[in-house]
Amino acid sequence: MRIDVLGVGFDNLTLKEAVEKASRLRGGYVVTPNPEIVWMARKDGKLRQALHDASMVLPDGIGIIYGARMLSRPLKSRVPGIDFASAFIEKLASENKKIFLFGAKPGVAELAAEKLKEKYTGLDICGTAHGYSTDDVPVIAAINEAKPDFLLVCLGAPKQEIWMHEHAGKVSAGLMAGLGGVLDVYAGVAERAPEAWRRAGFEWLYRLIKQPSRFKRMLKLPLFLFAVIGQRIRDD
Ligand code: UDP
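Residues numbered from 1 in each chain as written. Predicted model: local features only at pLDDT ≥ 70, side-chain atom pairs only at ≥ 80, totals over all residues. Heavy atoms only, no water.

Chemist: Can you explain the packing of aromatic side chains? Please cite residues and give values.
Modeler: The tally for this structure, following the rule as stated, stands at 6 aromatic pairs. Plain terms: the ring middles of F84 and F150 are 6.4 Å apart, the flat faces sit at 90° to each other, and that makes the pair edge-to-face. Linking F84 in helix 5 (residues 81-94) with F150 in strand 7 (residues 150-154), this pair joins segments that are 66 residues apart in sequence. What makes F84 buried here is its relative accessible area of 0%. Here F202 and W204 contribute two aromatic rings whose centre-to-centre distance is 6.1 Å and whose plane-to-plane angle is 50°, an arrangement assigned as tilted. Members of the aromatic cluster, each reached through a chain of ring pairs, are F84, F88 and F150. (Phe/Tyr/Trp six-rings, centres within 6.5 Å; stacked < 30°, edge-to-face > 60°. Helix = DSSP H or I, 4+ residues; strand = E, 2+ residues; numbered from the N terminus. Buried < 20%, exposed > 50% of the residue type's maximum accessible area, 1.4 Å probe, protein only.)

Have a look at this one:
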């Protein structure tokens, strides 16, 4: 049973439960929609289907938590994609499992791999590929050759969700997850908000200050909230 927020169903899980569920999944993919992605899905049928068919849908972003609460269907907690990825990678490292990093600009995945190997001893990074190739075939061949237990797909939304939907079942990966800019953060080319900002629910504001070019994207957040209010009125 998923919790519906404007047509996107979310799994009601804590971070710990999400990692436990991920360990049991075989061959599917995880998505981590924020309000911007939910807003996009209203107009983009391919994205909507990709979100619907995911094995696990995690609420990334405080806006989803507020939205669910306003609709009287509260979710247990926010599970940001990067927190999920880090906790799952830590578990995989302790089991000497393999991960593959796919996405971001050329060189970023390799840098992220170095940093991750320093942080998680035992982690096997079995391959990397940047996210700007016009031909998927060599990337898929590399993934299928490496057979990772976990494939991080970091192409931004909606590209990563549609990519996973199209390729689920065709790539030999234990599990895939669409994780936006996490390779940039792991590589150190993008910064996450300090803990206090995150706890206060202001990670989005921090990212906006650091990257003002995100402003247009963030205009979707008030649109999302107005749509939630509209839904609430219709539900009452
Ligand atoms: N990206 C990519 N291929 C593309 C478009 C984007 O690999 O064709 C990468 C981009 O370099 C960045 C990530 O996808 O690393 C998207 O990051 P963003 O911060 O926009 O994602 P968010 O975390 O906000 O979802």
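Chemist: Any chance you could break down helix 4 (residues 62-70) for me, citing the residues and the numbers?
Modeler: Regarding helix 4, the residues found buried are G63, I64, I65, G67 and A68. Residues of helix 4 that are buried in the fold lie against strand 1 (3-5), strand 2 (8-10), helix 2 (35-43) and helix 13 (220-235). Positive phi shows up at S72, right after helix 4, with a value of about 60°. (Contact = heavy atoms within 4.5 Å.)

Chemist: Just give me the short version of the pattern of salt bridges, but keep the residues and values in it.
Modeler: Opposite charge on two side chains permits them to pair, given that their charged atoms come into close proximity. Throughout the structure, instances matching the rule amount to 16 salt bridges. A salt bridge links D83 to R192; the shortest N-O distance between them is 2.8 Å. Within this pair, whereas D83 is found in helix 5, its partner R192 is found in the loop between helix 9 (182-187) and helix 10 (195-199), the two being separated by 109 residues in sequence. In this structure, E195 engages R199 in a salt bridge whose closest nitrogen and oxygen atoms are separated by 3.5 Å. Placement of the pair is E195 and R199 together in helix 10, with a separation of 4 residues, close to one helical turn. When its relative accessible area of 64% is taken as the criterion, R199 is described as exposed. (Salt bridge = Lys/Arg side-chain N within 4 Å of Asp/Glu carboxyl O.)

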